[in-house]
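# Close look at the chain arrangement
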Amino acid sequence: MGTWSSRGLRGSTLEDMINMTNENYREKGLALIQKIPTPITPVKIDQATRHITLAYFEKQSTVDYIGSVQGIPVCFDAKECATDTFPMMNIHEHQVKFMEDFEKQGGISFIILFYSHKNEIYYIPFSHIKSFYDRSITGGRKSFQYQEIDKDYRLGKAPGALVHYLEGIQRDLDKRNLSE
């Protein structure tokens, strides 16, 4: 008989894992985070299956998730990357602007980035996103490399939290307090 080996997160998406984590955080009273649906207008519907086969976005979305962690407003986006290079075109200008405005209102913005080929998940603070974004629009590199991200923000798991991003938020807050 052969041995069983894990294939990482295959069969489960980052979003599913975040949704399960959010539910667990809510049940424990740690956070209340909601998935923000992207509004679409159906154009074609397969009458036999009742599935939408063609649609367009009604408006630009902001971020994937928004809510509160122990009274701190948070918003974040979930991204996946299959290589060591993450293209900045996957983070849109209106998303950067929304996260920037959110931070100006006292909130915390970030991205949860899953490197699928490495089976590693990172919390990317908004200050890092903004730096990569500014570089990309001022003639610099239009992506960031795995080597450029702060490995202190690698996210682990906790009981009931497949993407334990509360530890990323805590690190982010600690680093912000050190720089004040």
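All values reported here derive from a predicted model rather than from experimental measurement.

About the thresholds
- Residues numbered from 1 in each chain as written.
- Predicted model: local features only at pLDDT ≥ 70, side-chain atom pairs only at ≥ 80, totals over all residues.
- Heavy atoms only, no water.
- Helix = DSSP H or I, 4+ residues; strand = E, 2+ residues; numbered from the N terminus.
- Contact = heavy atoms within 4.5 Å.
- Areas by Shrake-Rupley, 256 points an atom, 1.4 Å probe, with all protein chains shown as cover.
- Core = buried A, V, L, I, M, F, W, Y, C linked by side-chain atoms within 4.5 Å.
- Buried < 20%, exposed > 50% of the residue type's maximum accessible area, 1.4 Å probe, protein only.
- Pairing = 2+ DSSP bridges.
- pLDDT = per-residue confidence, 0-100.

Assigned secondary structure in the chain consists of 4 helices and 9 strands. Listed N to C, the secondary structure of the chain is α-β-β-β-β-β-β-α-β-β-α-β-α in terms of helices and strands. Relative to all contacts within the chain whose residues are 6 or more apart in sequence, the contacts with residues 24 or more apart total 62%. If you sum the accessible surface of the chain, you get close to 10600 Å²; carbon and sulfur atoms cover 53% of it.

On to the nonpolar core. Soluble, globular proteins show a tendency: their nonpolar side chains are buried together. L14, F110, I112, Y165 and I169 are the most contacted members of the largest nonpolar core, which has 24 residues in total. Looking at this core, the elements with two or more residues in it are α1 (14–27), β1 (31–35), β4 (65–69), β5 (72–81), β7 (108–115), β8 (120–125) and α4 (166–179). Once residues lying within four places of it in the same chain are set aside, the contact partners of Y165 are T21, N22, Y25, I33, F76, F110, I112, Y123 and L155. C81, I111, L113 and I129 belong to the second largest nonpolar core, which has 21 residues in total.

Moving on, we come to the side chain of N24. Here N24 shows up in helix α1. Excluding anything up to four places from it in sequence, N24 contacts P159 and G160.

The buried count for β7 comes to 8 of 8 residues, which makes it a mostly enclosed element. The side-chain alternation of β7 yields two buried faces, one formed by I108, F110, I112 and F114 and the other by S109, I111, L113 and Y115. Where β5 lies against β7, 8 bridges are found, and the strand directions are parallel. Across the sheet, residue A78 finds its bridge partner in β7, namely I112.

What follows deals with the confidence of the model for the chain. Predicted confidence across the chain gives a mean pLDDT of 87, with 86% of residues reaching 70 or more. Note on residues 1–11: pLDDT is under 50 here. Beyond four places in sequence and across chains, it has 5 contacts.

The backbone of Q70 sits at a positive phi, close to 50°, despite the residue not being glycine. Within the element layout of this structure, Q70 appears in the loop between β4 and β5. A positive phi is found at N119, a non-glycine position, where the angle reads about 55°. By the secondary structure assignment, N119 is in the loop between β7 and β8. A relative accessible area of 37% means that N119 is categorised as partly exposed.

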